[in-house]
Amino acid sequence: MMLKAVILIGGPQKGTRFRPLSLDVPKPLFPVAGLPMVQHHIEACAAVPDIREILLLGYFPAQQLQQFVADMIAAYKIRIRYLQEYQALGTAGGIYHFRDQISSGNPDAFFVLNGDVCGDFPLHEMLDFHTSLSMPSLITIMGTEATRQQSTMYGCIVEDRETHQILHYVEKPSTFVSNLINCGVYICSPDIFKRVGEIFNSRQDFYSCDDCEGTETIQLEQDILMPIAGTGQAYMYTTDRWWSQIKTAGSAIYANRHYLQLYHKTKKERLATNGPDKPTIIGDVYIHPTATVDPSALVRYKSNISSSAVFIVCLSSDETVFHKNFLQSFCFHFCKLCKYNLVSHCVEYIKDS
């Protein structure tokens, strides 16, 4: 089997709720648990043996992603490319616009991952589910359970519990529909291009020449999933692993916590350890190799110190995230940062009380 992966990373006009953290660095490159956000997606995709190429789709200027892509190719030894949209094309419009690039090499299927989600992605298991279906699936959606109150903030899915066919799909309903929600991770058959193409072509006649900008903006959720629900062409794979969205600065702290917990299970070598001439580490802590932390410092549970930061005699409380954007900044002597602090774009100077 030959597969590809597409990661949708959006563009500079998106992620406004993530400010000020995305002012100096594109949101997909913001470090979470020591790695750029989208690198977690790349790492998950690179671990699937049949994935031969990873395509990043978005409308950030190419020069902002150029070095990152080169670093990822060197790190994971897999073909990775960034394809720049000329404008925001939507979650399905970008896929259709670059259909020739995705279809090159005749992949049997391709993953699609939204760039603003995070989690312990069970891509192997999802692929096994997709290939084991008795009826071919145009699209398989990764879903998970949410509370009744949370569900209306996401795409809600009603499935056949026996066949796992999707019977009904509503994007962010105003009232409760289902506690099964869309995780923003998909496996698509190449046949989906025909479906998106039908929508694209129908809009050429509908829109006037003065309004032609709207013809290529196609949403996977509203324009594809909602119409095909109940037709036997869409299925859901349910996961109980950790999953979340990263929409705000606060959600980055939540993601940081869970990725560090995941490191503890799967990649312990990434976590800081205690030892001679090292700071005191309590719990799951990531310290970037370029960061300087004085041996007298105490760094506690689920903290993340990114590149080019310098800390001297610093007491860090639980779940503090120090962002690399404050290049060569200092936490001064006896500085104390409290639980859930996210330090960015500033120098934090609080006298010991």
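Scroll up a little and you will see the structure.
Keep in mind the model is a prediction, meaning the values are calculated, not measured.

Criteria and cut-off values
Residues numbered from 1 in each chain as written. Predicted model: local features only at pLDDT ≥ 70, side-chain atom pairs only at ≥ 80, totals over all residues. Heavy atoms only, no water. Helix = DSSP H or I, 4+ residues; strand = E, 2+ residues; numbered from the N terminus. Contact = heavy atoms within 4.5 Å. Areas by Shrake-Rupley, 256 points an atom, 1.4 Å probe, with all protein chains shown as cover. Expected span 1.5 Å × (residues − 1). Buried < 20%, exposed > 50% of the residue type's maximum accessible area, 1.4 Å probe, protein only. Phe/Tyr/Trp six-rings, centres within 6.5 Å; stacked < 30°, edge-to-face > 60°. Polar contact = N/O pair within 3.5 Å; in protein donor to acceptor, adjacent residues only side chain to side chain. Arc of directions from axis to C-beta. Salt bridge = Lys/Arg side-chain N within 4 Å of Asp/Glu carboxyl O. Axes fitted to C-alpha atoms, helices over the stretch in contact; angles between N-to-C directions. Left-handed = near helix turned anticlockwise from the far one by under 90°. Nonpolar A, V, L, I, M, F, W, Y, C, P; charged D, E, K, R; others polar. Pairing = 2+ DSSP bridges.

Caption draft 1: Expanded view of the overall build of the protein. Helices and strands together make up the secondary structure of the protein, namely nine helices and 24 strands. For the protein, long-range pairs separated by at least 24 residues make up 60% of all intrachain contacts whose partners lie at least 6 apart in sequence. Just so you have it, the protein exposes about 16200 Å², and 50% of that area is on carbon and sulfur atoms.

Caption draft 2: Spotlight on helix 9 (residues 249-266). In this model helix 9 runs 26 Å from its N-terminal to its C-terminal C-alpha over 18 residues, within 8% of the 26 Å that 1.5 Å per residue would give. Among the residues of helix 9, Ala 249, Ser 251, Ala 252, Ile 253, Ala 255, Asn 256, His 258, Tyr 259, Leu 260, Leu 262 and Tyr 263 are the ones counted as buried.

Caption draft 3: Fine view of the packing of aromatic side chains. Inspection of every chain in the model, using the stated rule, returns five aromatic pairs. Ring geometry for Tyr 96 versus Phe 200: centroids 5.3 Å apart, planes at 40 degrees, classification tilted. With Tyr 96 in helix 3 (residues 90-97) and Phe 200 in helix 7 (residues 192-206), this residue pair connects regions lying 104 residues apart in the sequence. Aromatic pair Tyr 154 and Trp 243: ring centres 5.7 Å apart, planes at 65 degrees, arrangement edge-to-face. Note that Tyr 154 is positioned in the loop between helix 6 (148-151) and strand 9 (155-159) and Trp 243 in strand 13 (residues 243-245), a separation of 89 residues in sequence.

Caption draft 4: Examining the side chain of Ser 189 more closely. Its location among the elements puts Ser 189 in the loop between strand 11 (180-188) and helix 7. Judged by its relative accessible area of 13%, Ser 189 is buried. With residues near it in sequence (within four places) discarded, Ser 189 still touches Phe 110, Ser 137 and Leu 138.

Caption draft 5: A look at the side chain of Glu 43. Along the chain, the position of Glu 43 falls in helix 1 (residues 37-46). For Glu 43, a relative accessible area of 15% gives the class buried. Side-chain polar atoms of Glu 43 contact the side chain of Tyr 76, separated by 2.9 Å. Ignoring anything within four residues of it in the chain, the contact list for Glu 43 reads Tyr 76, Lys 267 and Arg 270.

Caption draft 6: Quick peek at helix 5 (residues 123-132). Restricting attention to buried positions, one finds in helix 5 the residues Leu 123, Met 126, Leu 127, Phe 129 and His 130. End-on, the buried residues of helix 5 take up no more than an arc of 160 degrees, which puts them together on one face. Seen from the buried face of helix 5, the exposed residues on the opposite side, beyond 90 degrees, are Asp 128 and Ser 132. Close packing links the buried residues of helix 5 with strand 1 (3-10), helix 1, strand 6 (109-114), strand 8 (139-145), strand 11 and strand 12 (234-238).

Caption draft 7: Summary view of the pattern of salt bridges. Within this structure, the stated rule accounts for eight salt bridges. Asp 120 is the salt-bridge partner of Arg 241, the closest N and O atoms lying 3.4 Å from each other. A residue pair is termed long-range when its members are at least 10 positions apart, and Arg 241 in the loop between strand 12 and strand 13 and Asp 120 in the loop between strand 7 (117-119) and helix 5 qualify at 121 residues. By relative accessible area, which is 30% here, Arg 241 ends up partly exposed. Salt bridges linked by common partners bring Lys 4, Glu 53, Arg 79 and Arg 81 together as one network.

Caption draft 8: Seen up close, the environment of Pro 276. Tracing the backbone shows Pro 276 in the loop between helix 9 and strand 14 (280-281). Among the residues examined, Pro 276 registers a relative accessible area of 76% and is labelled exposed. It is 8.3 Å that separates the C-alpha atoms of Pro 276 and Pro 295, two residues lying 19 residues apart in sequence.

Caption draft 9: Spatial organisation of the packing of helix 1 against helix 2 (residues 62-76). The geometry of helix 1 relative to helix 2 is characterised by a closest axis approach of 11 Å and an angle of 35 degrees between their N-to-C directions. Regarding helix 1 and helix 2, the two cross each other, and that crossing is right-handed. Between helix 1 and helix 2, the residues in contact are Val 38, Gln 39, Ile 42, Glu 43 and Ala 46 and Phe 68, Met 72 and Tyr 76, respectively. Partitioning the contact of helix 1 with helix 2 into residue classes produces six nonpolar, one polar and one charged.

Caption draft 10: Region of the structure containing the environment of Thr 131. Within the element layout of this structure, Thr 131 appears in helix 5. Engagement of the side chain of Thr 131 in a polar contact is seen with the backbone oxygen of Asp 128, the distance being 3.1 Å.

Caption draft 11: Here's a closer look at the pairing of strand 9. Most of strand 9 sits out of view: four of its five residues are buried. One ladder, built from five bridges, connects strand 9 with strand 10 (residues 166-171); its direction is antiparallel. Directly across from Val 158, in strand 10, lies its bridge partner His 168. Taken together, strand 9 and the strand that follows it, strand 10, pair antiparallel across an intervening segment of six residues, in which His 164 is found at a positive phi of about 70 degrees.

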